[in-house]
Amino acid sequence: MKYPFLKLEESNRPYMKGMEEAACRVIRSGWYVGGPEVASFEESLCSLTGCKYAIGVSNGLDALRLILRAYIELGEMHPGDEILVPANTYIATFLAISDTGLIPVGVDADPVTMNIDTSLLEEHITERTRGIMTVHLYGRVAWDERMAEVARKYGLKVIEDNAQAIGACSAVKGLGGGTVTGNLGDAAAFSFYPTKNIGALGDAGAVTTNDPRLAETVRAIANYGAKERYHNIFKGLNCRLDALQAALLNIKLEFLEEENELRRRKARLYSENIHHPGVILPELPADEREHVWHQYVVRIPGGKRNRFRELLAEAGVGTDIHYAVPPHRQPCYSGTLTTFHPNTNRLADEIVSLPIGRGTTDEDIVAISEIINSLTL
Ligand SMILES: *Cc1c(COP(=O)(O)O)cnc(C)c1O
């Protein structure tokens, strides 16, 4: 493949030297789980988001689960309560909700932003609704005044699945306590899985919030349910973050803005260079800070998506689909979820993600665009 979808080693190449030094420092330090590297990673996340609290945890799914478990321990949510969630998301968002004994209630996507359609939120509310878990899918902010208004009106917690949008900013000011993802709602989950915009060399995640009780409870549950050693107030879990991953992430977090700016430039380049009547480009938001382009997702309507991918593969261009089967059509949820999500279903048939990582250069993007323009679909 001349233009592979992802060359993950390229995402780390600029940081290689710093990462090697950090790894040596951790090996020599004797602190391997938690400790000063994790504390400094948490401080960085606080200053990035403006949140009062950040807790480094094992991965993004655990970050989401811990937030919900903590709300249950605090009596704010109870098993059987409903959480509104975009139907168009990665399975982890749903898994976190159902794993905690809560009920995921899918809300269809806006076909333009591909994010949750906030005009549909209110009609899904029942007396058991306790929260909205919004997902900034592909790196685009999924939060607006309408979501904030519905949350306020019905007393719902807004939880951000911020696995894909670290560093994105909402253009809506003056609501929710902040403008950066991770500080738009009541609590947020981050993932630092190696393929994310800022990736560790293994699994890693974090929770951010301004709520001191929630922060304290998440931290305790993630550490066997103990605030003090051998005093277990919750039936907890082990979801702690390694010092090694934190040390590596501390290096990369300093370059977050540069990483996101690179992706924005590549997205603009695709949008300027692809001209094909059969290819629908993703919308560039009016305020470019609203998107950090974890994925650049085009749509190929008319049942031609698979042919598009095959032709590109023949021309040496790797592509991917995020996500081919939405959660409500996964066998693990068979018969248990609402399935009327026409926009999500259509997107699942039409979407294709093009290469946008560090391993794809500006020249590659121009070349890939030309290949796309020459396709007979
Ligand atoms: C990656 C991802 C997760 C899960 O994060 P992990 O660190 O892989 O557990 C959750 N939600 C979304 C939207 C993701 O992209």
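Some remarks on the overall build of the protein
For step 1, the next point in the chain: Looking only at helices and strands, one finds twelve helices and eleven strands in the protein.
For step 2, the next point in the chain: Here the C-alpha radius of gyration of the protein, 21 Å, is about what a compact globule of 377 residues would show, namely 21 Å.
For step 3, the next point in the chain: Across its three principal directions, the C-alpha atoms of the protein cover 65 × 55 × 40 Å.
For step 4, the next point in the chain: Taking all 377 residues of the protein together, the buried fraction comes to 56%.

Re the packing of aromatic side chains
For step 1, the next point in the chain: The full count for this structure, using the stated rule, is seven aromatic pairs.
For step 2, the next point in the chain: Put simply, the rings of Phe 41, Phe 190 and Phe 192 pair up and form one aromatic cluster.

Some points on the sheet that holds strand β3 (residues 103-107)
For step 1, the next point in the chain: Across the sheet, which stays open at both edges, the seven strands sit in the order β1-β7-β6-β5-β4-β2-β3 with mixed pairing between neighbours. Two strands close off the open sheet at either side, each with one partner strand: β1 (53-57) and β3. With strand direction ignored, the average angle separating the axes of adjacent strands in the sheet is 20 degrees.
For step 2, the next point in the chain: Of the strands in this sheet, β1, β6 (187-191) and β7 (205-209) are in contact with helix α3 (residues 36-49), which crosses β1 at around 135 degrees.

A short note on the pattern of salt bridges
For step 1, the next point in the chain: Summed over all chains, the structure comprises 24 salt bridges.
For step 2, the next point in the chain: Between Glu 21 and Lys 17 there is a salt bridge whose closest N-O contact spans 3.0 Å. Of this pair, Glu 21 and Lys 17 are both found in helix α2 (residues 16-29), four residues apart, which corresponds to roughly one turn of the helix.
For step 3, the next point in the chain: Between Arg 152 and Glu 149 there is a salt bridge; the shortest N-O distance is 2.8 Å. Within this pair, Arg 152 and its partner Glu 149 are both found in helix α6 (residues 145-154), separated by three residues, close to a single helical turn.
For step 4, the next point in the chain: Classification of Glu 149 as partly exposed rests on a relative accessible area of 40%.
For step 5, the next point in the chain: A cluster of three or more residues bridged by salt bridges with shared partners is formed by Asp 62, Arg 65 and Asp 99.

Remarks on the site of the ligand
For step 1, the next point in the chain: Lining the immediate environment of the ligand, one finds Asn 59, Gly 60, Leu 61, Tyr 90, Ala 92, Val 135, Asp 161, Ala 163, Gln 164, Ser 191, Lys 196 and Tyr 323.
For step 2, the next point in the chain: Backbone polar atom of Leu 61 to an oxygen atom of the ligand: 2.9 Å apart, as the coordinates give it.
For step 3, the next point in the chain: Between the ligand and Ser 191, the relevant distance is 2.6 Å, taken from an oxygen atom to a side-chain nitrogen or oxygen of the residue.
For step 4, the next point in the chain: Here the ligand, which alone exposes 380 Å², has 92% of that area covered by the protein.

Details of the pairing of strand β10 (residues 296-299)
For step 1, the next point in the chain: Here β10 shows a buried face lined by Tyr 296 and Val 298 and a second buried face lined by Val 297 and Arg 299.
For step 2, the next point in the chain: In this structure, β10 lies alongside strand β11 (residues 351-354), joined through four bridges in antiparallel fashion. Across the sheet, the residue bridging to Tyr 296 is Leu 354, located in β11.

Description of the packing of helix α4 (residues 60-73) against helix α5 (residues 91-99)
For step 1, the next point in the chain: Interhelical geometry of α4 versus α5 gives an angle of 35 degrees and a closest axis separation of 9 Å. Crossing geometry of α4 relative to α5 is assigned as right-handed. Touching Leu 61, Leu 64, Arg 65 and Leu 68 of α4 are Ala 92, Thr 93, Leu 95, Ala 96, Ile 97 and Asp 99, all from α5.
For step 2, the next point in the chain: Considered class by class, the residues forming the contact of α4 with α5 number seven nonpolar, one polar and two charged.

Quick look at α5
For step 1, the next point in the chain: Looking only at α5, the buried set comprises Ile 91, Ala 92, Thr 93, Phe 94, Ala 96 and Ile 97.
For step 2, the next point in the chain: Next to the buried residues of α5 lie α4, β2 (82-86), β3, β4 (129-135) and β5 (157-161).
For step 3, the next point in the chain: At the exit of α5 stands Gly 101, carrying a positive phi of roughly 85 degrees.

A look at empty space enclosed by the protein
For step 1, the next point in the chain: Overall, the coordinates contain two cavities of 30 Å³ or more when judged by the stated rule.
For step 2, the next point in the chain: By volume, the largest cavity is sized at about 160 Å³.
For step 3, the next point in the chain: The wall of the largest cavity is formed by 20 residues, among which Ser 11, Glu 259, Arg 263, Gly 357 and Arg 358 lie closest to the centre.
For step 4, the next point in the chain: Only α1 (8-12) and α9 (256-273) provide two or more residues apiece to the lining of the largest cavity.
For step 5, the next point in the chain: Examining the composition of the lining of the largest cavity, we find that four residues originate from one element, α9, more than from any other.
For step 6, the next point in the chain: Partitioned by chemical class, the residues of the lining of the largest cavity number six nonpolar, seven polar and seven charged.

Reading the values: rules and limits
Residues numbered from 1 in each chain as written. Predicted model: local features only at pLDDT ≥ 70, side-chain atom pairs only at ≥ 80, totals over all residues. Heavy atoms only, no water. Helix = DSSP H or I, 4+ residues; strand = E, 2+ residues; numbered from the N terminus. Rg over C-alpha atoms; globule rule 2.2 N^0.38 Å. Buried < 20%, exposed > 50% of the residue type's maximum accessible area, 1.4 Å probe, protein only. Phe/Tyr/Trp six-rings, centres within 6.5 Å; stacked < 30°, edge-to-face > 60°. Pairing = 2+ DSSP bridges. Axes fitted to C-alpha atoms, helices over the stretch in contact; angles between N-to-C directions. Contact = heavy atoms within 4.5 Å. Salt bridge = Lys/Arg side-chain N within 4 Å of Asp/Glu carboxyl O. Near = heavy atom within 4 Å. Polar contact = N/O pair within 3.5 Å; in protein donor to acceptor, adjacent residues only side chain to side chain. Areas by Shrake-Rupley, 256 points an atom, 1.4 Å probe, with all protein chains shown as cover. Left-handed = near helix turned anticlockwise from the far one by under 90°. Nonpolar A, V, L, I, M, F, W, Y, C, P; charged D, E, K, R; others polar. 1 Å grid on protein atoms, 1.4 Å probe; cavity = no way out; pocket = protein on both sides within 12 Å on 5 of 7 lines; lining within 4 Å. Points joined across faces, edges and corners; volume = space filled by probe spheres on them.

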